[in-house]
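Structural overview for review
Chain by chain, the residues run as shown.
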Amino acid sequence: MDATLLDAEAEAAVLRVYRQVFAVLAREAGAMIIDPDLLDADQAILDAFAEAGSDGLTVEQATLACRAYPHDVITRRFDVLRQYGAITKLVDRPNELRHRAAFAPYVMLMFLRRMSVQGGQAELHQLLTLEAHSVSDPNAIADDGRASIERLTKVFRLLGNELAILVSTSTTAQLRENAQLAWGNERLIEQAEGVHRLVLGRWPELHRDCTSLRMALAAYADAVQLAAGRLVERAGTTRALGLLPSETWLTFTRGSEPEALAAVLDGMLFDAAAPDFSAQTMVEAIEMGRRTGSARMAPPRPTADAEAPESAAATDREDLRAEAERVLAGRAEVDIVEVVDEAGDWITARRVLAELTAAHLHDELEYELVWSDGMRIDPAAGTPWATEGVFRRVAR
């Protein structure tokens, strides 16, 4: 009887901790949370308890500290956390008004935030590191190695299954939202293979379990490739950036030369002085411009002996050439600041700069637009801010 009571007490203690941990996921007693914004309310309440110190808080003090949220929301979340044991009375006695908060639900909140951003990849890296240390322990036995292999096999099977289901049943938007599942997959597979080699080298009799892990890793790698292929095919390469971890992009930007970073904006003109379009409109216009349209068909030739009119492309080319020659006025090059000042106002200047940019990018025209790092600032000028540079004639 004593052993049974002791077992029940241990199980109750474990259950109590679990209830505290998952309190932030409960909308009410027995119901899971459905509104992610309620997590912010829970975090505000727990932050208030952290600031309150050992004196604790009453319900009224908690709602006052969280006044950025509606009063009824904080009161309801306070009751939910109290029902799950995440918030308890400071002293267990009748009419006690002050409460204290457990740290377990706040740890769960931190875990959820990181999971939502990184998809659990950091936690999986840590798990693999711990498994490697576990099977490398001199005191480890074959059962420890088998348990480690079985845990990793189940993890990668779940990952591979989820990705495979997303690829086959989800829309491109849903797949893009879950792209973090494929972050750092090569490093994850390498770490898992390292654990596999350790276990197989120490306990050859576990080759069947190791085979299951290899199959799970292969299935996960195939699912990642399918997910990446579908993202690139359906969403375009520019929208598949989520497949790379943020650290990769940070390393690229920190280690790249200014020329490599500036090349991304080559050929783009930004209307910084008087923007007439929103940033989203400009992004959509750039993406539309990069798409390859259907080839323009030449108009039918006239039946008369008169000459056929020039094509639209030839007309545009000659118009750009005429504008470039007007700006150069017989000179080999001209300063951009001078061009902007001659225009008089920015509305006119940006039209001229757009045409000079088009002439610079035209394959059949011998003009070049080169920008420099300097900037002319003159409050009395029609366009106070003007980036320095030259427009010149070149041989192509």
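Our subject is the structure that appears above.
Reading the values: the criteria
- Residues numbered from 1 in each chain as written.
- Predicted model: local features only at pLDDT ≥ 70, side-chain atom pairs only at ≥ 80, totals over all residues.
- Heavy atoms only, no water.
- Core = buried A, V, L, I, M, F, W, Y, C linked by side-chain atoms within 4.5 Å.
- Buried < 20%, exposed > 50% of the residue type's maximum accessible area, 1.4 Å probe, protein only.
- Helix = DSSP H or I, 4+ residues; strand = E, 2+ residues; numbered from the N terminus.
- Contact = heavy atoms within 4.5 Å.
- Expected span 1.5 Å × (residues − 1).
- Arc of directions from axis to C-beta.
- Polar contact = N/O pair within 3.5 Å; in protein donor to acceptor, adjacent residues only side chain to side chain.
- Salt bridge = Lys/Arg side-chain N within 4 Å of Asp/Glu carboxyl O.
- Patch = residues over 30% accessible without salt bridge, like charges linked within 9 Å, V, L, I, M, F, W, Y side chains within 5 Å.
- Areas by Shrake-Rupley, 256 points an atom, 1.4 Å probe, with all protein chains shown as cover.
- Pairing = 2+ DSSP bridges.
- Axes fitted to C-alpha atoms, helices over the stretch in contact; angles between N-to-C directions.

In this section: the nonpolar core. The biggest cluster of nonpolar side chains holds 26 residues, and the ones touching the most others in it are Leu128, Phe156, Leu163, Leu188, Val199, Trp203 and Tyr220. Contributing elements (two or more residues each) for this core: helix H6 (121-136), helix H7 (142-169), helix H9 (185-202) and helix H10 (207-235). Counting residues per element, this core draws most heavily on H10, at 8 residues. What Trp203 contacts, discounting residues up to four positions off in sequence, is Val135, Ala140, Ile141, Ala142 and Gly145.

Taking 1.5 Å of rise per residue, 16 residues should cover 22 Å, and helix H16 (residues 346-361) covers 22 Å from first to last C-alpha, within 8% of that figure. Among the residues of H16, Trp346, Ala349, Val352, Leu353, Leu356, Thr357, Ala359 and His360 are the ones counted as buried. Here the buried residues of H16 occupy an arc of 160 degrees about the axis, which is enough to place them on one side. Here H16 starts with a cap whose side-chain oxygen sits 3.1 Å from the backbone nitrogen of Ile347, and that cap is Asp345.

With that out of the way, let us pick up the pattern of salt bridges. Side chains carrying opposite charge are able to pair once their charged atoms draw close together. Under the definition given, this model contains 17 salt bridges. The partner of Arg317 in a salt bridge is Glu364, and the shortest N-O contact between them spans 2.8 Å. Of this pair, Arg317 sits in helix H14 (residues 312-328) while Glu364 sits in the loop between H16 and strand E6 (367-377), placing them 47 residues apart in sequence. In this structure, the salt-bridge partner of Glu368 is Arg392, at a minimum N-O distance of 3.0 Å. With Glu368 in strand E6 and Arg392 in strand E7 (residues 385-393), this residue pair connects regions lying 24 residues apart in the sequence. Note on Glu368: relative accessible area 24%, which makes it partly exposed. Relative accessible area serves as the criterion here: at 28%, Arg392 is assigned to the partly exposed category.

A cluster of nonpolar side chains, contributed by Trp249, Phe252 and Leu261, occupies part of the molecular surface with about 270 Å² of accessible area. Among the secondary structure elements, Trp249 is positioned in helix H11 (residues 246-255).

Across the sheet, which stays open at both edges, the 3 strands sit in the order E5-E7-E6 with antiparallel pairing between neighbours. Of all the strands in the sheet, just strand E5 (333-335) and E6 have a single pairing partner and so form its edges. On average, each strand axis in the sheet is tilted by 15 degrees relative to the strand beside it, whichever way the strands run. Bridge analysis of E5 against E7 gives 3 bridges, and the strand direction is antiparallel. Opposite Asp335, over in E7, you have Val390 as the bridge partner. Here helix H15 (residues 336-343) sits on the sheet in contact with E5, E6 and E7, set at roughly 110 degrees to E7. Against the sheet, H16 contacts E6 and E7, and its axis sits at roughly 140 degrees relative to E6.

Turning our eyes to something else, we now look at the pairing of E7. As paired strands, E6 and E7 are joined by 8 bridges and run antiparallel to one another. The residue of E7 that forms the bridge with Val370 is Val390.

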